[in-house]
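Descriptive analysis of the structure
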Amino acid sequence: MLNSFRFISAIEGVSYLVLLFIAMPIKYILGNPYVVKVVGMTHGVLFIIFAIALFSVLKKLNWDKGFAFQLFVLSLIPFGAFLIEKRVKLVEKKVRK
């Protein structure tokens, strides 16, 4: 379950970066809003899946709600998925010990 969450987090984070750094410039520089519609919808669906996965992992692994909230906030910032991965790895190491 944790590996699924990490995968979903990474894919959602990449979709956010594609939206911000590829789709948005295409819309505003080249005047093509279609790319933002497609990438934006994809990112939106992935974000909802991420939130559901985060809630599921929170319940199943009995994570602290404050920690889960931090991960949620990190998902809102660009490159936050990399910080999420780092924090989840730290928690995973503590659990294995």
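Residues numbered from 1 in each chain as written. Predicted model: local features only at pLDDT ≥ 70, side-chain atom pairs only at ≥ 80, totals over all residues. Heavy atoms only, no water.

1. Details of the pattern of salt bridges
Where we set the bar: Should a side-chain nitrogen of Lys or Arg be within 4 Å of a carboxyl oxygen of Asp or Glu, the pair is scored as a salt bridge. For the purposes of this entry, the term helix denotes a DSSP run of H or I that reaches at least four residues, the term strand denotes a run of E that reaches at least two, and both are numbered from the N terminus. When a residue's accessible area, from a 1.4 Å probe over protein chains only, is under 20% of the maximum for its type it is buried; when over 50% it is exposed; and in between it is partly exposed.
Evaluated as defined, the whole model comprises two salt bridges. Measuring nitrogen to oxygen at the nearest pair gives 2.4 Å for the salt bridge that ties Glu-85 to Arg-6. Here Arg-6 lies in helix α1 (residues 2-30) and Glu-85 lies in helix α4 (residues 80-96), a separation of 79 residues in the sequence. Since its relative accessible area comes to 24%, Glu-85 is described here as partly exposed. Each member of the salt-bridge network shares a partner with another, and the members are Arg-6, Glu-85 and Glu-92.

2. Digging into the confidence of the model for the chain
The criterion, for reference: Confidence scores per residue from the predictor, reported as pLDDT, run from 0 to 100.
Summary statistics for the chain give a mean pLDDT of 94 and a share of 99% for residues scoring 70 or more. The least confident element of the chain, judged by mean pLDDT, is α4 at 89; the most confident is helix α2 (residues 34-60) at 97.

3. Description of the packing of aromatic side chains
As a reminder, the rule being used: In this scheme Phe, Tyr and Trp rings, the latter by its six-membered ring, pair at centre separations within 6.5 Å, and the angle between planes marks the pair as stacked below 30 degrees, edge-to-face above 60, and tilted otherwise.
Taken as a whole and judged by the stated rule, the model has seven aromatic pairs. Here Trp-63 and Phe-67 contribute two aromatic rings whose centre-to-centre distance is 5.1 Å and whose plane-to-plane angle is 85°, an arrangement assigned as edge-to-face.

4. A word on unusual backbone geometry
A negative phi angle is the norm for most residues apart from glycine, just as the trans form is the norm for most peptide bonds. Within the chain, Asn-62 stands out as a residue other than glycine whose phi angle is a positive 55°. Following the sequence through the fold, Asn-62 ends up in the loop between α2 and α3 (65-74). On the basis of relative accessibility, which here comes to 68%, the residue Asn-62 falls in the exposed class. You will see that Phe-79, though not glycine, has its phi angle at about 65°, which is positive. Here Phe-79 is to be found in the loop between α3 and α4.

5. A word on the nonpolar core
So the rule is basically this: Residues enter a nonpolar core if they are buried and are Ala, Val, Leu, Ile, Met, Phe, Trp, Tyr or Cys, with the set joined through side-chain atoms within 4.5 Å. We call two residues in contact whenever any of their non-hydrogen atoms come within 4.5 Å of each other.
Judged by nonpolar contacts, the single largest core of 14 residues is most densely connected at Leu-2, Phe-5, Leu-54, Trp-63, Leu-71, Ile-84 and Val-88. Looking at this core, the elements that each hand over two or more residues are α1, α2, α3 and α4. Setting aside anything within four residues of it in sequence, one finds Phe-5 in contact with Phe-50, Ala-53, Leu-54, Val-57, Trp-63, Leu-71, Ile-84 and Val-88.

6. Some details on empty space enclosed by the protein
We count it as follows: Using protein atoms alone on a 1 Å grid, points that fit a 1.4 Å probe yet trap it form a cavity, whereas open point sets bounded by protein on both sides within 12 Å along at least five of seven lines form a pocket; residues with an atom within 4 Å of a point count as lining. Grid points are joined across faces, edges and corners, and a volume is the space filled by probe spheres set on the points. Gly counts as polar in this scheme, as do all residues outside two lists: the nonpolar Ala, Val, Leu, Ile, Met, Phe, Trp, Tyr, Cys and Pro, and the charged Asp, Glu, Lys and Arg.
Scanning the model with the defined rule gives one cavity of 30 Å³ or more in all. Glu-12, Gly-13, Tyr-16, Leu-17, Ser-75, Ile-77, Pro-78, Phe-79, Gly-80, Ala-81 and Phe-82 together form the lining of the largest cavity. Counting residues per element, the ones that place at least two in the lining of the largest cavity are α1 and α4. Here the lining of the largest cavity takes four residues from α1, the largest share from any one element. Partitioned by chemical class, the residues of the lining of the largest cavity number seven nonpolar, three polar and one charged.

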